[in-house]
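Residues per chain are reported as follows:
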Amino acid sequence: MKKLISLVLSLVLLAANAAALADGNGSVSLNGSTSMEKVVGVLAEQFMLDNPGITVTYDATGSGTGISAARQGTCDIGLASRDLKETETELTVYTVALDGIAVIVNAGSGVEQLTVEQIAGIFTGKIVNWSEVGGADLAIACIGREAGSGTRDGFETVTKTADACVLAQELTSTGAVIQAVASSENAIGYASLSSVEGNSGVKAVKVNGVICSEETVISGEYAIQRPFNMVVAQNGELSEAAGAFLTFALSPEAAQLIRLAGAVPVAADDNASGK
């Protein structure tokens, strides 16, 4: 049944794509996950180059808000860097990529690796000093995301720390977490792999002996990972431009762009699910 639903939706989207390209005008509004900024940015840029009459806008509000906006019809496509919850119904989800959630420390930290259990202990306040996990004699400061963040949801789900984290700072964007960890020698945080790569102020620690990379996310070896989803309302009809953009985001042509943005593209077949 899932494959049949995927095939039908793909045919609908392809028809919308053809119409959009023929018309050449329109707009696409995206709302949601801040962690998907780089992926959405490269996809939107290429799509607008290919379709000069179409404008793609992106409102980085967080996964929870993006899901609500898609369901309420206040945006064309919601962006969620987590799976839907049981209460988030009447939506269709398209996974366009996978993302490793890197556990980051200050670049000057002597800690190179942690287990999932140690990470959970640190963020719940059971481990309070870096010396307890092989680091310097410094009190640990945990930096995390705000409630409703897809990054936080993904991190807390894997580490089993939901509603139990003790945070020194609770910040509203991936960039803010990275900056806070880069600015404090005793800090630890978590952020999207695509956002951490190339940032000299922080480093990703190995988790259970595995570094966060495209290869280890694809293989499933890296433990802390989550999906990058595009979400649309089941009871609504996508505009021609929005249908064309979604089709493009799921296409083989988009895969290399997604990879360049630091995420791991997902095969376009059988990637739609409804809730």
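Each chain has its residues counted from 1, running along the sequence as written. It should be noted that, the model being predicted, local features are given only for residues of pLDDT at least 70 and side-chain atom pairs only at 80 or more, the latter also being counted only at that level, while totals for whole chains, interfaces and linings use all residues. To obtain the side-chain values, all non-hydrogen atoms of the structure were included, while hydrogens and water were left out.

J.: I keep staring at the overall build of the protein and nothing clicks. Help me out?
T.: Each helix is a run of DSSP H or I of at least 4 residues and each strand a run of E of at least 2, with the numbering of both proceeding from the N terminus. Assigned secondary structure in the protein consists of 10 helices and 13 strands. The buried label goes to any residue with under 20% of its type's maximum accessible area, the exposed label to any with over 50%, and the partly exposed label to all in between, with areas taken from a 1.4 Å probe on protein chains only. The proportion of buried residues among the 275 residues of the protein is 50%. Whether two residues are in contact is decided by their heavy atoms, any of which lying within 4.5 Å being enough. Of the contacts made within the protein by residues no fewer than 6 positions apart, 77% connect residues no fewer than 24 positions apart. What sets the accessible areas is the Shrake-Rupley method with a 1.4 Å probe; for residues, cover comes only from the shown protein chains. Within the structure as shown, the protein displays about 11,900 Å² of accessible surface, and the carbon and sulfur contribution to it stands at 52%.

J.: What should I look at first to understand the packing of aromatic side chains in this one?
T.: What describes a pair of aromatic rings is the distance from one ring centre to the other and the angle between the planes of the rings. Note on ring pairs: Phe, Tyr and Trp rings are taken, using the six-membered ring of Trp, and paired if centres are within 6.5 Å. Classes follow the plane angle, with under 30 degrees stacked, over 60 edge-to-face and the rest tilted. All told, the structure shown has five aromatic pairs when counted by the stated rule. Measuring from ring centre to ring centre gives 5.3 Å for Phe-47 and Phe-245, while their planes differ by 85°; the resulting arrangement is edge-to-face. Residue Phe-47 is located in helix α2 (residues 37-50), and its partner Phe-245 is located in helix α9 (residues 240-249); the two are separated by 198 residues in the primary sequence. A single burial state applies to Phe-47 and to Phe-245, both of which are buried. Members of the aromatic cluster, each reached through a chain of ring pairs, are Phe-47, Phe-245 and Phe-248.

J.: What is the right way to read the state of the cysteines from this model?
T.: By definition, a disulfide links two cysteine residues through a covalent bond between their sulfur atoms. Only a pair of cysteine sulfur atoms within 2.5 Å counts as a disulfide in this structure description. For the coordinates displayed, the defined rule picks out zero disulfides. We note that Cys-165 lacks a disulfide partner, and the nearest cysteine sulfur, in Cys-142, lies 7.5 Å from it.

J.: Any chance you could explain the pairing of strand β4 (residues 91-106) here in plain terms?
T.: As a general feature of sheets, a regular strand has side chains that alternate between the two faces. Buried residues dominate β4, accounting for 15 of its 16 residues. Two strands qualify as a pair provided DSSP detects at least 2 bridges between them. In terms of strand pairing, β4 meets strand β11 (residues 225-233) through nine bridges, oriented antiparallel. Its bridge partner being in β11, Thr-92 is matched across the sheet by Val-232. Relative to strand β8 (residues 187-192), β4 is paired through five bridges, and the arrangement is antiparallel. Bridging across to β8, Ile-104 finds its partner in Gly-189. As judged from the three bridges shared by β4 and strand β9 (residues 202-204), these two strands associate in the antiparallel manner. Bridging across to β9, Val-105 finds its partner in Lys-203.

J.: Which parts of the structure should I look at to understand the side chain of Arg-152?
T.: Within the secondary structure, Arg-152 sits in helix α5 (residues 150-159). Every residue in contact with Arg-152, bar those within four places of it in the chain, is listed here: Arg-145, Glu-146, Ala-147, Leu-167, Glu-170 and Tyr-190.

J.: When you look at the nonpolar core in this model, what are you seeing that I'm missing?
T.: Soluble globular proteins tend to pack their nonpolar side chains together in the buried interior. Residue types Ala, Val, Leu, Ile, Met, Phe, Trp, Tyr and Cys, when buried and joined through side-chain atoms within 4.5 Å, form a set referred to as a nonpolar core. Among the nonpolar cores identified, the biggest contains 37 residues, and Val-103, Ile-104, Ile-122, Phe-123 and Ile-188 are the most heavily contacted of them. Only β4, α4 (116-123), β6 (141-145), α6 (174-182), β8 and α7 (193-196) provide two or more residues apiece to this core. Per-element tally for this core: the top contributor is β4, with five residues. One finds Ile-77, Met-230, Val-232 and Leu-257 within the second-largest nonpolar core, a separate group that totals 31 residues.

J.: Quick question: what am I supposed to make of the packing of α4 against α5 here?
T.: When two helices pack together, their arrangement is captured by the angle between the axes and the distance separating the axes. Interaxial angle, 0 to 180 degrees, is taken between N-to-C directions of lines fitted to C-alpha atoms, where a helix line uses only the stretch in contact. Packing of α4 against α5 leaves a shortest axis separation of 9 Å and a crossing angle of 115°. As α4 packs across α5, the resulting crossing turns out to be left-handed. In this structure, α4 contributes Val-116, Ile-119, Ala-120 and Phe-123 to the contact, and α5 contributes Phe-155, Val-158 and Thr-159. By definition, turning the near helix anticlockwise from the far helix through less than a right angle yields a left-handed crossing, and turning it clockwise yields a right-handed one.

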